[in-house]
Amino acid sequence: LIRYASTSTTRQAFRPPNNPILSDEPMLADPHVLEYNDSLYLYPTSNEADFIVFTYDLTSKDAQFVKQDTPIFTPKASFLGMFDFDLTYCPLSWTAFGKHNLAWAPHVFNDVESGLFYLYYTACLSIGVAVSESPLGPFRHESILCRFCIDAFVERFDSQLYFYHNQLFDSHRSTLRQWMKRLVNAVSFSSQITVERQQRQEEEEGNTSQVGFLGIYGQRMISPTHLDTTHSAIKLVQASEDWEFQSSDITSTSSLDKFLTSSLGVMKGVNEGAWVFRRDNHGEGGDEYVLMYSGGGANSRHYRLGFAAGPSPLGPFTKSSTNPIIQFRDIDDPIYGPGHHALWKDPVTDKVWCFYHAKYSAEVGWERYISVDELVISEGSEYRMSLKVSLDDGVLNGQQQGQCGEENIK
């Protein structure tokens, strides 16, 4: 699940803090975790203009995640593929969010061959990469890897690097033009009228292509900063199960939320936030690759985790018939929208820890926090996972909360 950079004789078993693990830091999501030199580095999405990092000393018995004072990187982005710029805000979001950068989902890859650290990030619906000699940065911008794509994950299997991500479109310009028109309508002052008018117009014209089956793609890389353009990106999974189409059942006043959750939006069905690892020597069939992902509306209480398995880093992948991993008993379960995760295996205990975000309430919105719980993986003829998500008492508006939600998957 991870590569160990070093293991000190003074290493302590990881003792997860109470959930949420960063209660003093509101509006955190999309955690990525990296181990290096007896420390954990946690990179989240935040409401700050820059990317930030928290560190955890694995040699300390009383360790806590500590926010570092210096931001690691100011993101750059590409607007409509026309020019690259320093990102203080994204032109696509100004009417919906104000001066917001639409920057999220940092992923830091420690390249053992070069000894460098590469930060992959989403900004203004493009994925960029930056490089540093340290996991604490500062990171230097290298390039924009792809446009109209989100949620990067990079891993090396054997000697080959792979780039996993979401593409918002299947490279059809007509679909792109339709979506851009819809987005402009959605964030205009008369959004509801214009969106409904456009929907009627497209139905009359017979032009109702399904834009919104958000899928995960994989592509080979020739280096940590360049894709292998001799091989096209391959769609690995896309939204196909009922739970992956669940979005909000609560009305939002945000025109952008209406757009994202309507039949016109790109989030009609969601598979995103890939995390890929290898099961070595899987029976007589050899190695098996596991692709974990998040599905459902990311701004809703329905957001959850699932997984698929395949014979190679690029599949073909078959989803578990018992997804999602987390099943809730009823609407009163207090863990809302747990997803977009990262995995880390503690070499002291061999426990696998799942870092993920969840929402503060069942209402539509992006107010989220980060938690960590153990992911139990059972090897054998049947490959099983179970994750029991937890929340400590008194976190949400003083309500009494507890553990909920556990499901095995095969």
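(A) Just the pairing of strand β20 (residues 336–345), in detail. Across the 10 residues that make up β20, a large majority, 9, are buried. Pairing analysis gives 6 bridges linking β20 to strand β21 (residues 352–359), with the strands arranged antiparallel. Paired with Tyr336 across the bridge in β21 is Lys359. Counting the residues in the hairpin turn of β20 and β21 gives 6 residues, including Asp350, whose phi is positive at 65°.

(B) Spotlight on the environment of Thr55. Within the element layout of this structure, Thr55 appears in strand β3 (residues 54–57). Using a relative accessible area of 16% as the deciding quantity, one classes Thr55 as buried. Put simply, Thr55 and Val33 are 22 residues apart on the chain and 9.6 Å apart in space, counted from C-alpha to C-alpha. Here Thr55 is in contact with Leu40, Tyr41, Gln64, Phe65, Val66, Gln68 and Leu136, once residues within four sequence places are set aside. Within the structure, Thr55 has its side chain in polar contact with the side chain of Gln68 (distance 2.8 Å).

(C) Expanded view of the sheet that holds strand β7 (residues 103–111). Within the open sheet, the 4 strands sit side by side as β7-β8-β9-β10. Their pairing is antiparallel. One side of each edge strand has no neighbouring strand; the edge strands of this open sheet are β7 and β10 (140–147). Between one strand axis and the next, the sheet turns through 20° on average, direction left out of account. Note that β7 and strand β8 (residues 116–123) share 7 bridges and pair antiparallel. Within β8, the residue paired with His107 across the bridge is Tyr120.

(D) The arrangement of the side chain of Lys359 in detail. Of note, Lys359 is situated in strand β21. Among buried Asp, Glu, Lys and Arg side chains, Lys359 stands out as unpaired, with Glu367 the closest opposite charge at 5.2 Å. Those residues within four positions of Lys359 in sequence are excluded, and the remaining contacts are Ala298, Asn299, Ser300, Arg301, Tyr336, Gly337, Val364, Gly365, Glu367, Arg368 and Tyr369.

(E) How the structure looks around the confidence of the model for the protein. With 67% of its residues at a pLDDT of 70 or more, the protein has an overall mean of 78. Overall, residues 95–99 carries pLDDT values under 50, and its contacts beyond four positions in sequence, including any with other chains, amount to 9 contacts. This model gives residues 396–410 a pLDDT under 50, and the stretch forms 66 contacts once residues within four places in sequence are excluded.

The rules behind these values
- Residues numbered from 1 in each chain as written.
- Predicted model: local features only at pLDDT ≥ 70, side-chain atom pairs only at ≥ 80, totals over all residues.
- Heavy atoms only, no water.
- Buried < 20%, exposed > 50% of the residue type's maximum accessible area, 1.4 Å probe, protein only.
- Helix = DSSP H or I, 4+ residues; strand = E, 2+ residues; numbered from the N terminus.
- Pairing = 2+ DSSP bridges.
- Contact = heavy atoms within 4.5 Å.
- Polar contact = N/O pair within 3.5 Å; in protein donor to acceptor, adjacent residues only side chain to side chain.
- Axes fitted to C-alpha atoms, helices over the stretch in contact; angles between N-to-C directions.
- Lys, Arg positive; Asp, Glu negative; His and termini not counted.
- Salt bridge = Lys/Arg side-chain N within 4 Å of Asp/Glu carboxyl O.
- pLDDT = per-residue confidence, 0-100.

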